[in-house]
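Structural features, examined
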Amino acid sequence: MKTKLDLNSWNRKEHFEFFGGFDEPFFGISTNLDFTRGYQKIKDMGYPYFLFYLHKSLKAANSVEAFRYRIENKEVYLYDRIHASPTIGREDHTFGFSFMEYNEDFETFVSKSQKEIDAVKNSKGLRHSNAAKRLDTIHYSSIPWYNFTGLSHARHFQFKDSVPKISFGKYTKTEGKLTLPVSVHVHHGLADGYHVGQYLETFQKLLNE
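A brief report on the enclosed structure follows. Since the model is a prediction, treat every value here as computed from it, not as a measurement. (Residues numbered from 1 in each chain as written. Predicted model: local features only at pLDDT ≥ 70, side-chain atom pairs only at ≥ 80, totals over all residues. Heavy atoms only, no water.)

**Thoughts on helix 5 (residues 193-208)**
Note the following rule: By definition, any uninterrupted DSSP run of H or I lasting at least four residues is a helix, any uninterrupted run of E lasting at least two residues is a strand, and each is numbered from the N terminus. Here the expected length of a helix is defined as 1.5 Å per residue gap, with one fewer gap than residues. Contacts between residues were defined by any pair of non-hydrogen atoms, one from each residue, lying within 4.5 Å.
Between its terminal C-alpha atoms helix 5 stretches 22 Å, which fits the 22 Å expected from 16 residues at 1.5 Å a residue. Where helix 5 is buried, its residues touch strand 2 (26-34), helix 2 (36-45), helix 3 (49-62), strand 8 (165-169) and strand 10 (177-187).

**As for the environment of Ser162**
Put simply, the rule is: Here a polar contact is recorded for every N or O atom pair within 3.5 Å, except that within protein the pair must consist of a potential hydrogen donor and a potential acceptor, and residues adjacent in sequence are included only if both atoms are side-chain atoms.
Of note, Ser162 is situated in the loop between strand 7 (137-143) and strand 8. When near neighbours in sequence (up to four residues on either side) are disregarded, Ser162 contacts Phe26, Tyr69, Arg70, Ile71, His187 and Leu190. Here the side chain of Ser162 touches Ile71 through a polar contact of 3.0 Å, landing on its backbone nitrogen.

**Remarks on the side chain of Arg12**
Assignment of secondary structure puts Arg12 in the loop between strand 1 (2-4) and helix 1 (13-20). Separated by 2.6 Å, the side chains of Arg12 and Asp192 make a polar contact.

**Quick look at the environment of Phe99**
Its place among the elements puts Phe99 in the loop between strand 6 (95-97) and helix 4 (106-121). Along the primary structure Phe99 and Thr87 are separated by 12 residues, whereas in three dimensions their C-alpha atoms are 9.1 Å apart. Dropping the residues within four chain positions of it, Phe99 is found in contact with His83, Ala84, Glu116, Ala131, Ala132, Arg134 and Thr137.

**Describing the pairing of strand 10**
What counts, and what does not: Throughout, exposure labels follow a simple rule: accessible area from a 1.4 Å probe, protein chains only, divided by the maximum for the residue type, with under 20% read as buried, over 50% as exposed, and the rest as partly exposed. Pairing between strands requires that DSSP locate at least two bridges from one strand to the other.
Buried residues dominate strand 10, accounting for 10 of its 11 residues. In terms of strand pairing, strand 2 meets strand 10 through 9 bridges, oriented antiparallel. By the bridge assignment, Asp34 is partnered in strand 10 with Thr179. Inspection of the sheet shows strand 8 paired to strand 10 by 4 bridges, in the antiparallel sense. The residue bridging Ser167 from the neighbouring strand is Ser183, located in strand 10. Inspection of the sheet shows strand 9 (residues 172-174) paired to strand 10 by 3 bridges, in the antiparallel sense. The partner of Lys173 across the bridge, within strand 10, is Leu178. Between the antiparallel neighbours strand 9 and strand 10 lie 2 residues, among them Glu175 with a positive phi of about 50°.

**Here's the deal with the pairing of strand 3 (residues 69-72)**
Side chains Tyr69 and Ile71 project from strand 3 onto one buried face, and the interleaved Arg70 and Glu72 project onto a second face that is buried too. In this structure, strand 3 lies alongside strand 4 (residues 75-79), joined through 4 bridges in antiparallel fashion. By the bridge assignment for strand 4, Ile71 is matched with Val76. Between strand 3 and strand 4, which pair antiparallel and follow one another directly, the connecting turn spans 2 residues, one of which, Asn73, has a positive phi of 55°.

**Let's talk about the packing of aromatic side chains**
The geometry of two aromatic rings is summed up by the distance between their centres and the angle between their planes. Note the threshold: Any Phe, Tyr or Trp ring, taking Trp's six-membered ring, that has another such ring centre within 6.5 Å forms a pair; planes under 30 degrees apart are called stacked, those over 60 apart edge-to-face, and the others tilted. Note on criteria: charge over ring means Lys NZ or Arg CZ within 6 Å of the ring centre, with the direction from the centre no more than 35 degrees off the ring normal.
With the rule as written, the count across this model stands at 23 aromatic pairs. Centroid distance Phe35 to Tyr171: 6.3 Å. Interplanar angle 55°. Geometry classified as tilted. Highlighted residues: Phe35 in the loop between strand 2 and helix 2 and Tyr171 in the loop between strand 8 and strand 9, separated in sequence by 136 residues. On the basis of relative accessible area, Phe35 is assigned to the buried category, the value being 0%. In this structure Tyr171 comes out as partly exposed when scored by relative accessible area, which is 26%. Aromatic pair Phe95 and Phe97: ring centres 5.7 Å apart, planes at 80°, arrangement edge-to-face. Look at Phe97 and you get partly exposed, because its relative accessible area is 21%. Here the basic side chain of Lys2 rests over the ring of Tyr77, its NZ or CZ set 4.7 Å away from the ring centre.

As structure tokens, then:
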């Protein structure tokens with residue numbers, strides 16, 4: 001379900017029109033989150049590593065209205081719920097796109113998402129399906145081989161994209177504390193640093209639960 005915003009009464013109308021004219025309307029923030037408690041819970045409960053923090057991230061993103069805005073035919077729509085479209089790596093060092101439906105229940109999310117992961121790993125090519133192309137998603141990627149302090153994305157500027165992009169890096173351990181690098185890119189006509197801060201704060205709280 002989605003609802004079209006009345007742009008004339010929207011307090012971000014001028015921001016939307018201003019940044020919407022940019023060749024590159026996205027801005028990005030890279031930071032580190034405390035992953036100490038989250039990682040310990042993964043070990044204690046035997047949870048799948050990637051799906052654990054993906055679910056927490058998706059839950060946090062759904063709680064921030066700006067992360068559920070999408071641009072369609074120059075109009076802005078608010079989706080009731082957004083899902084995940086992460087890249088999944090294969091043993092031959094290629095990757096494929098996927099679609100994982102968000103469910104607040106973690107066990108249900110894991111069960112369905114694991115089937116999607118298996119399907120990608122047993123396929124070839126990009127697997128750029130209509131489901132992976134859905135606008136009511138967040139484009140996720142994981143770079144588990146190294147830590148990072150910044151990140152950019154390949155972008156096709158002629159394609160008017162508005163889907164947020166969130167990436168995770170390799171966690172590091174310093175003096176008993178684990179940190180997880182996170183990169184967030186959003187369309188500046190739809191969200192500001194304040195909204196990214198809302199997402200990151202909520203994500204951190206969920207990791208600490």
